Amino acid sequence: MEEVIEKTAVDVDSSHPQQITSNTDRHAPMSPYMTLVFAVACGMSVANIYFAQPLLDQLSSEFGIDYSNIGVVITITQIFYGLGLLFLVPLGDLLNQRRLIIGQMLLSMIALVIVGTAPKSTLLFAGMALVGMLAVVTQTLVAFAATMAAPAERGRIVGIVTSGIVIGILLARSISGILTDLAGWRSVYLVSAALMLVMVSMFFKVLPHVEREVKSQSYPQLLGSVLILFFQERMLRIRSVLALLIFADFSILWTSLVLPLSTPPLSLSHSAIGAFGLAGVAGALAAARAGKLADRGYGQRTTGIALILLLISWLFISYTEQSLFALVIGIVLLDLAVQAVHVTNQTMILPLRAEARSRLTAGYMVFYSIGSASGSIASTRIYAHYGWQGVCFLGASVSAVALLFWALTRRPTAAEFK
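Reading the values: the criteria
- Residues numbered from 1 in each chain as written.
- Predicted model: local features only at pLDDT ≥ 70, side-chain atom pairs only at ≥ 80, totals over all residues.
- Heavy atoms only, no water.
- Helix = DSSP H or I, 4+ residues; strand = E, 2+ residues; numbered from the N terminus.
- Buried < 20%, exposed > 50% of the residue type's maximum accessible area, 1.4 Å probe, protein only.
- Contact = heavy atoms within 4.5 Å.
- Areas by Shrake-Rupley, 256 points an atom, 1.4 Å probe, with all protein chains shown as cover.
- Phe/Tyr/Trp six-rings, centres within 6.5 Å; stacked < 30°, edge-to-face > 60°.
- Salt bridge = Lys/Arg side-chain N within 4 Å of Asp/Glu carboxyl O.
- Expected span 1.5 Å × (residues − 1).
- Patch = residues over 30% accessible without salt bridge, like charges linked within 9 Å, V, L, I, M, F, W, Y side chains within 5 Å.

A.B. asks: A description of the overall build of the protein should follow, citing residues and the corresponding values.
C.D. replies: The number of helices and strands found in the protein is 16 helices and two strands. Considering the protein as a whole, with its 418 residues, one finds that 58% of them fall into the buried category. Relative to all contacts within the protein whose residues are 6 or more apart in sequence, the contacts with residues 24 or more apart total 82%. Of the roughly 16,000 Å² of accessible surface on the protein, 67% is carried by carbon and sulfur atoms.

Take a look at the structure:
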């Protein structure tokens, strides 16, 4: 595959914002410090939409929402996350990305305060909707990092930054559980709001300015071009469907896991339930090399192996009520597989159109959001009627569909990527 010629030369080693010009195809390597800052910011932002997962039983009790419907809290967040992907992320190809990132993080801080002080369910739902919509700043950060990175290291940089997202999702459960046991569930959102303010202050100092040539487009034209990209880029369509399936699987596990763990015979505390997220971090870290493998042309092979592991993971997860050790193995395998496919997807998609990375990201991540929302609502409903084994059968079925879809589309996609 031909390398995409970049227009932006980046200097990211200074502690002050730099003006980045767009008159050369040479790149300074993205510094480890800046890469880490991007990864941490992504993890913090995306964690906001997953804090509620280990708290579903608490929210159900406080706001009087039935167990079979409590998944709607996560679903609302994911739906508005999808709307944010569609209506906010494309702005990264039109507006100043530095201002867009800082502005969204400030608004996210306000939304977190609303959730943390909500007196009734309607305000809780409204706050969660805003939290979900504004959390899409993570995708603006990923697109920005891809622009700043040199072509030869893009997969590695995207892999590290995206790992920050997955680790943020997983650590959200541990942090949420610990803070809830210490100071109640509201403290989770208020502490996060304070941390977001700290991150905004840091970005004012270190986030570089980017000066680039942008085609004159109206906002409706910008949104319409996302749909056009789907018609034009077959790889985008295929990888988006894979995103929908793997994140449906991811959400099926993590949304419903609190239910069997918090009820007899296990009856674990919120801190103990949240600690299972640490097992997922191990899987996510192990998958960080997926982007580098995709850079070397092994994207299809990595995807196939990961999807096989995803299917196998549900065998171990099905023994949750008999063995927590089996659950840990299943979690590591599942998160390793999901992260590997996700990083590979983005590494293969982002080079397609250098001038439209935010829109490519938006289109791809809309499917991620649809999958996450579907998995959340389906898993709690299945659990209410068929128990944990029903949830595991659902997860394994989705994994099998993803593997079959990859097998049917593997060769044409590989040819395009070469």
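Alright, that's what it looks like, and here's the rest.
A.B. asks: Please give an account of the packing of aromatic side chains that cites residues and values.
C.D. replies: Scanning the entire structure with this criterion turns up 10 aromatic pairs. On the basis of an interplanar angle of 65 degrees and a centroid distance of 5.9 Å, the ring pair of Phe 63 and Trp 185 is categorised as edge-to-face. Here the residue Phe 63 occupies a position in helix α2 (residues 56-63), and Trp 185 occupies one in the loop between α7 (154-183) and α8 (186-206), the gap between them amounting to 122 residues. In terms of burial, Phe 63 and Trp 185 fall into one category: buried. An aromatic cluster of at least three residues, connected via ring pairs, comprises Tyr 81, Phe 247, Phe 250, Trp 254 and Tyr 368.

A.B. asks: Tell me about the pattern of salt bridges, residues and numbers included.
C.D. replies: One pass over the full model with this rule turns up three salt bridges. Notably, a salt bridge pairs Arg 359 with Asp 93, separated by 2.8 Å at the nearest N-O pair. With a gap of 266 residues between them, Arg 359 in helix α16 (residues 357-417) and Asp 93 in the loop between α3 (72-87) and α4 (97-116) connect regions that are remote in the sequence. Asp 93 sits in the buried class, given a relative accessible area of 8%. Ionic pairing is found between Glu 233 and Arg 353, a salt bridge with its closest N-O pair at 3.0 Å.

A.B. asks: Tell me what's going on with α8, and back it up with residues and numbers.
C.D. replies: Residues three or four positions apart in an α-helix share a direction because the helix packs 3.6 residues into each turn. When the terminal C-alpha atoms of α8 are compared, their 31 Å separation across 21 residues agrees well with the 30 Å that a helix rising 1.5 Å per residue should span. Within α8 the residues assigned to the buried category are Ser 187, Val 188, Tyr 189, Ser 192, Ala 193, Met 196, Met 199, Val 200, Phe 203 and Val 206. Next to the buried residues of α8 lie α1 (32-47), α4, α5 (121-134), α6 (137-148) and α7.

A.B. asks: Account for a nonpolar patch on the surface, naming residues and giving values.
C.D. replies: Taken together, the side chains of Ile 79, Phe 80, Leu 83, Leu 86, Phe 87 and Tyr 219 present a nonpolar region at the surface, about 460 Å² in accessible area. Per-element accounting of the nonpolar patch gives the leading share, five residues, to α3. Within the secondary structure layout, Leu 83 lies in helix α3.

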